[in-house]
Amino acid sequence: MSNEAKEVTGLRPRVNEAREFIEIAKDFKRPQELLREALSNSWDANASTASITIEPMSAPGNTRGRKKQLLNITIQDDGEGMNEDEIGYFFNLGDSHKPLGSIGTKGHGTKIYYKSDGIRVTTHKDGMTIEAATEMPPWESLKKGIIPTYRYKTVPNEGGIRGTTIRVSGI
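Quick caveat: nothing in here was measured; it's all calculated off a predicted structure.

Peer 1: A description of the overall build of the chain should follow, citing residues and the corresponding values.
Peer 2: What the chain contains, in helices and strands, is 4 helices and 6 strands. When the helices and strands of the chain are listed from N to C terminus, the series reads α-α-β-β-α-β-β-α-β-β. Within the chain, the proportion of its 171 residues that are buried is 33%. Partitioning the intrachain contacts of the chain with sequence separation of at least 6 by distance along the chain shows that 62% fall at a separation of at least 24. Surface summary for the chain: the accessible area is close to 11300 Å², and the carbon and sulfur share equals 50%.

See the structure below:
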């Protein structure tokens, strides 16, 4: 190492993405917040109906002498659905198509779903159906410092179906 003076410029701070996803997901403390988020997004999509199904499930593990309780949650609405860009906003952190200054512009809300074993989305918009899902258990991946990836495919929506179904398993 040299004792010469030097100046380094243009450095950008790094972001530990996995820790940020965890921090955002942990900001949501109560399970009811997931329901609020789901209903709020259905409202924003101009849905006239929305339903939420909650199925309890036991999981391996132990919490103070009790079996660990997890939930499978399905949210379904008849709203406008999502296109390919909007599916990205759903999974991305900090992205949103909502108007600046409105609720939801930070792109944090659906990150509560990352506290799960898996996320599946089926959505219909503009004559297309998009099926998207996480490729690995989000919460376990994040705890290992790995950003969970997702995949999607598009197919023609020939039946004129509307809306979105989100299945969050093991939350």
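Peer 1: Could you give an account of the side chain of E37, with specific residues and numbers?
Peer 2: Topologically, E37 is positioned in helix α2 (residues 32-44). For E37, a relative accessible area of 10% gives the class buried. Within polar-contact distance, the side chain of E37 engages the side chain of N41 at 3.0 Å.

Peer 1: Tell me about the pattern of salt bridges, and please be specific about residues and values.
Peer 2: Across all of its chains, the model carries 4 salt bridges by this definition. The closest approach of N and O atoms between E131 and K153, which form a salt bridge, is 3.6 Å. Taken together, the positions of E131 in strand β4 (residues 128-134) and K153 in strand β5 (residues 150-156) put the pair 22 residues apart, joining distant regions of the chain. Look at K153 and you get partly exposed, because its relative accessible area is 48%. Two residues, E140 and K143, come together in a salt bridge whose shortest N-O distance is 3.1 Å. Taken together, the residues span about one helical turn, with E140 and K143 both in helix α4 (residues 138-143) at a distance of 3 residues. The exposure class assigned to E140 is partly exposed, which follows from its relative accessible area of 37%.

Peer 1: Give me α2: which residues, what numbers.
Peer 2: Between its first and last C-alpha atoms α2 spans 18 Å; for 13 residues at 1.5 Å apiece the expected length is 18 Å, and the two agree. Within the sequence span of α2, burial applies to L34, E37, A38 and S42. All buried residues of α2 project into a common sector of 130° when viewed along the axis, lining one side. Following α2 by one or two positions, N46 adopts a phi angle in the positive range, close to 60°.

Peer 1: Tell me about the environment of I22, and name the residues and values.
Peer 2: Its place among the elements puts I22 in helix α1 (residues 17-27). Of the residues examined, I22 reaches a relative accessible area of 15% and is grouped as buried. Taking C-alpha positions, I22 is 9.8 Å from P138, a pair spaced 116 residues apart along the chain. Sequence-distant contacts of I22, that is, excluding residues within four places in its chain, are made with W139, L142 and K143.

Peer 1: Quick one: what's the story with the environment of S51, residue by residue and with numbers?
Peer 2: The topology assignment puts S51 in strand β1 (residues 50-63). A relative accessible area of 36% places S51 in the partly exposed class. Beyond its immediate chain neighbours, meaning those up to four positions away, S51 contacts T74, I75 and Q76.

Rules and cut-offs
Residues numbered from 1 in each chain as written. Predicted model: local features only at pLDDT ≥ 70, side-chain atom pairs only at ≥ 80, totals over all residues. Heavy atoms only, no water. Helix = DSSP H or I, 4+ residues; strand = E, 2+ residues; numbered from the N terminus. Buried < 20%, exposed > 50% of the residue type's maximum accessible area, 1.4 Å probe, protein only. Contact = heavy atoms within 4.5 Å. Areas by Shrake-Rupley, 256 points an atom, 1.4 Å probe, with all protein chains shown as cover. Polar contact = N/O pair within 3.5 Å; in protein donor to acceptor, adjacent residues only side chain to side chain. Salt bridge = Lys/Arg side-chain N within 4 Å of Asp/Glu carboxyl O. Expected span 1.5 Å × (residues − 1). Arc of directions from axis to C-beta.

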